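# Descriptive structure summary
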Amino acid sequence: MDWNYKRESADALKGRYRCVIVDVETGESKSSGLPMITVTVRPSGTKFRVKTYIVKNDKFNRDMTSLFDSFPEIGDGNFNFTEWIGAEGAGEFDEND
């Protein structure tokens with residue numbers, strides 16, 4: 001699949017937690033049917049995991065720029081998902097129900 005990524009300006013993520021990517025999957029959004037990347041991270045010092053969904057829609061470039069900036073060791077524009085596993089970065093998390 002060609003993701004057609006084009007770098008776009010994004011606010012730098014200055015998260016409250018360091019985190020590591022523990023899983024990456026591709027799929028299809030249930031609501032829109034568009035291609036989607038699911039990135040699962042584990043914040044440092046925790047045992048829980050948080051999933052982020054990046055859908056190939058009008059926000060794709062912004063969301064990917066933010067992810068690449070948050071996990072610089074991945075490399076900008078690198079879509080070899082196996083290389084993402086174990087990448088350390090920063091994230092800001094809010095509690096929700």
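All of these numbers come straight from a predicted model, not from anything done at the bench.

A few words now on the environment of P35. With respect to the helices, strands and loops of the structure, P35 is situated in strand β2 (residues 35-43). Each C-alpha atom of the pair P35 and N57 lies 8.5 Å from the other, and the pair is 22 residues apart in sequence. The residues touching P35, leaving out its near neighbours within four places in the chain, are M1, W3, G27, I54, V55 and K56.

What follows concerns the pattern of salt bridges. Inspection of the entire model under this criterion finds one salt bridge. R62 is the partner of D63 in a salt bridge, and the nearest nitrogen-oxygen pair spans 3.1 Å.

Let us look at the pairing of β2. Walk down a regular strand and you will see the side chains alternate between the two sheet faces. Of all the nine residues making up β2, seven are buried; the element is thus mostly covered by neighbouring parts of the structure. Of the strand pairs in this sheet, strand β1 (residues 17-28) and β2 are connected by nine bridges, and their pairing is antiparallel. In the sheet register, G27 faces β2, and the bridge partner there is M36. Two successive antiparallel strands, β1 and β2, enclose a turn made up of six residues, where G33 displays a positive phi of approximately 80 degrees. If you look at the hairpin formed by β2 and strand β3 (residues 50-55), you'll find six residues sitting between the two strands, and G45 has a positive phi there, around 80 degrees.

What follows deals with the environment of S66. You can see S66 is positioned in helix α1 (residues 60-70). The exposure class assigned to S66 is partly exposed, which follows from its relative accessible area of 21%.

A ring pair, where both rings are aromatic, is described by two values, the distance of the centres and the angle of the planes. Scanning the entire structure with this criterion turns up 11 aromatic pairs. Ring centres of W3 and F79 lie 6.3 Å apart, and the angle between their planes is 15 degrees; on these two criteria the pair is classed as stacked. You can see W3 sitting in the segment before β1 and its partner F79 sitting in the loop between α1 and β4 (88-91), a full 76 residues away along the chain. F79 shares its class with W3; the two are buried. Ring centres 5.7 Å apart and planes at 85 degrees place the aromatic pair F68 and F79 in the edge-to-face group. Taken together, the residues F68 in helix α1 and F79 in the loop between α1 and β4 connect sequence positions 11 residues apart. The pair formed by F68 and F79 is uniform in burial state, with each residue classed as buried.

Let's shift gears to the confidence of the model for the protein. Any residue range with low pLDDT should be treated as having predicted coordinates unsuitable for detailed reading. Overall, the predicted model of the protein reaches an average pLDDT of 87, with 88% of residues at or above 70. Confidence drops under a pLDDT of 50 for residues 11-15, and excluding neighbours within four residues, the segment shows eight contacts in the predicted structure.

Here the focus is the nonpolar core. In terms of nonpolar packing, the biggest core is built from 20 residues, with I21, I37, M64, L67, F79 and W84 touching the most fellow members. Looking at this core, the elements with two or more residues in it are β1, β2 and α1. Here this core takes four residues from α1, the largest share from any one element. When residues no more than four places from it in sequence are discounted, the contact partners of M64 are Y5, I37, I54, F79 and W84.

Conventions used here
Residues numbered from 1 in each chain as written. Predicted model: local features only at pLDDT ≥ 70, side-chain atom pairs only at ≥ 80, totals over all residues. Heavy atoms only, no water. Helix = DSSP H or I, 4+ residues; strand = E, 2+ residues; numbered from the N terminus. Contact = heavy atoms within 4.5 Å. Salt bridge = Lys/Arg side-chain N within 4 Å of Asp/Glu carboxyl O. Buried < 20%, exposed > 50% of the residue type's maximum accessible area, 1.4 Å probe, protein only. Pairing = 2+ DSSP bridges. Phe/Tyr/Trp six-rings, centres within 6.5 Å; stacked < 30°, edge-to-face > 60°. pLDDT = per-residue confidence, 0-100. Core = buried A, V, L, I, M, F, W, Y, C linked by side-chain atoms within 4.5 Å.

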